[in-house]
Amino acid sequence: MALSIEPGTIYRRELDGTLQMDYFIYLPKSGIQENRVMVTIHGISRNAEQHVKGFAAQAEQHGAALVAPLFPKSQYPRYQRLGATVHEGRADFAFDRVLQEVRALINIDPVPLKIFGFSGGGQFAHRYAMFYPKRVERLVLGAPGWYTFPDAERPYPYGLGSSEEWPQLRFTPRHFLGIPSLVLVGENDDIRDDDLNKMRRIDAIQGLNRVERGERWVQAMNSLARAFQENTDYRFESVPNATHAYESYLAHPPFAETVFKFLFDTT
């Protein structure tokens, strides 16, 4: 595939075939250093282009390409779960096709991934990491509404167990417990808004808001990692003055830099 992307410009590309999937890509004018590619996943507002714009300055500073898939609601209504059932359009399969095209386009393999996801995108990102741990290197989650907990007794997507919808799921905790992960949640993102999943089973186990749920997931992952004698870096950090509006995260200047530094393990 011939390179047709001018550095410093945001491009929207459409996948060939039947997957009905677009993505945005940005190459830094400063050049790509050390084959760096950051993948960012939108929330249910599907503001993929805004993600690229919000991280463009860091992409230039750190010499990283940006890739932002766009999951159309018509094809992937519950992309956060990778697909609600094995019979629905599989968001993980479409995502992998995006990665394949990016590799052919820029001659750099985005895998193993450095991936950020916000809200519903954070749900997608950590579940993708659990499904495909060998394809993910580092992970930043921005305020997911709820999580898949590392509990084999609860059916997916609440835990790691199989279910009628996902009858043959098999997870390997030792593998995904090796992925360093950072959860970022706004200090004011503690409201039970209309977009928050309020199912009783989630409230009881995970907490009543995004702050509690993020803290409890990090605690659960740390606990299981220690049980497997994995010294993985799981962190929870608060973003000052941020609500659940993505703009409020971008309005806090250290936010984007925190994401980049964690993903690329720089100081």
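Residues numbered from 1 in each chain as written. Predicted model: local features only at pLDDT ≥ 70, side-chain atom pairs only at ≥ 80, totals over all residues. Heavy atoms only, no water.

K.L.:
Can you walk me through the nonpolar core in this structure?
P.N.:
Burial of nonpolar side chains together is a common tendency in soluble globular proteins. Ranked by size, the top nonpolar core spans 83 residues in total, and within it Phe55, Phe95 and Phe116 carry the most contacts. At eight residues, helix α2 (residues 91-106) tops the list of elements feeding residues into this core. For Phe116, the contacting residues outside a window of four places in its chain are Met38, Val39, Thr40, Ile41, His51, Phe55, Val140, Gly142, Tyr246, Phe255, Val259 and Leu263. (Core = buried A, V, L, I, M, F, W, Y, C linked by side-chain atoms within 4.5 Å. Buried < 20%, exposed > 50% of the residue type's maximum accessible area, 1.4 Å probe, protein only. Helix = DSSP H or I, 4+ residues; strand = E, 2+ residues; numbered from the N terminus. Contact = heavy atoms within 4.5 Å.)

K.L.:
Hey, could you run me through the pairing of strand β3 (residues 37-41) in this one?
P.N.:
Regular strands have side chains that alternate between both faces of the sheet. Counting buried positions along β3 gives five out of five residues, so the element sits mostly inside the fold. Across the two faces of β3 the burial is the same, with Val37, Val39 and Ile41 and Met38 and Thr40 all buried. Note: β3 against strand β4 (residues 65-70), three bridges, orientation parallel. Considered in β4, the bridge of Met38 is made with Leu66. A crossover connection joins β3 to the parallel β4 through helix α1 (residues 48-62); in handedness this β-α-β unit is right-handed. Two elements, β3 and strand β5 (residues 113-118), share three bridges in a ladder whose sense is parallel. (Pairing = 2+ DSSP bridges. Right-handed = clockwise from strand over helix to strand, strands pointing away.)

K.L.:
Where do I start with the layout of surface pockets in this structure?
P.N.:
It is the rolling of a water-molecule-sized probe over the atoms that shows where space remains empty. Considering only enclosed or pocket space, the largest pocket measures out at about 300 Å³ in volume. For the largest pocket, the lining is made up of 16 residues, of which Ile44, Gln80, Gln123, Trp146 and Asp195 are closest to its centre. For the lining of the largest pocket, the residue count by class is three nonpolar, seven polar and six charged. (1 Å grid on protein atoms, 1.4 Å probe; cavity = no way out; pocket = protein on both sides within 12 Å on 5 of 7 lines; lining within 4 Å. Points joined across faces, edges and corners; volume = space filled by probe spheres on them. Nonpolar A, V, L, I, M, F, W, Y, C, P; charged D, E, K, R; others polar.)

K.L.:
Help me out: how do you make sense of empty space enclosed by the protein in this one?
P.N.:
Tallying each qualifying case throughout the model produces one cavity of 30 Å³ or more. Its volume calculated, the largest cavity comes out at about 60 Å³. For the largest cavity, the full set of lining residues is His126, Ala129, Met130, Leu139, Phe176, Ile179, Ser181, Trp217, Met221 and Tyr234. Those elements that provide at least two residues to the lining of the largest cavity are α3 (120-131) and α6 (210-227). Of the residues belonging to the lining of the largest cavity, the class tally is eight nonpolar, two polar and no charged.

K.L.:
Explanation requested: the pattern of salt bridges in the structure shown.
P.N.:
Once their charged atoms are close, side chains differing in charge can pair, the charge on each being opposite to the other. Under the criterion given, the structure shown has 16 salt bridges. A salt bridge links Glu230 to Arg174, with the shortest nitrogen-to-oxygen separation between them at 4.0 Å. Of the two residues, Glu230 sits in the loop between α6 and β8 (234-239) while Arg174 sits in helix α4 (residues 173-176), which places them 56 residues apart along the sequence. In this structure, Arg210 and Asp193 form a salt bridge, with 2.9 Å as the shortest nitrogen-oxygen distance. Of the two residues, Arg210 is situated in helix α6 and Asp193 in the loop between β7 (181-186) and α5 (200-206); the sequence distance between them amounts to 17 residues. Residue Arg210 is classed as buried on the basis of its relative accessible area, which comes to 1%. Judged by its relative accessible area of 21%, Asp193 is partly exposed. Members of the salt-bridge network, linked through shared partners, are Asp189, Asp193 and Arg210. (Salt bridge = Lys/Arg side-chain N within 4 Å of Asp/Glu carboxyl O.)

K.L.:
Would you take a moment to explain the side chain of Ser181 for this structure?
P.N.:
Mapping Ser181 onto the fold places it in strand β7. The class for Ser181 is buried, based on a relative accessible area of 3%. A polar side-chain atom of Ser181 sits 3.0 Å from the main-chain carbonyl oxygen of Ile179. For Ser181, the residues in contact, after removing those within four places along its chain, are Leu139, Asp233, Tyr234, Arg235 and Phe262. (Polar contact = N/O pair within 3.5 Å; in protein donor to acceptor, adjacent residues only side chain to side chain.)

K.L.:
When you look at the side chain of His244 in this model, what are you seeing that I'm missing?
P.N.:
Tracing the chain through its elements places His244 in the loop between β8 and α7 (246-250). At 3.4 Å, the side chain of His244 forms a polar contact with the side chain of Arg210.

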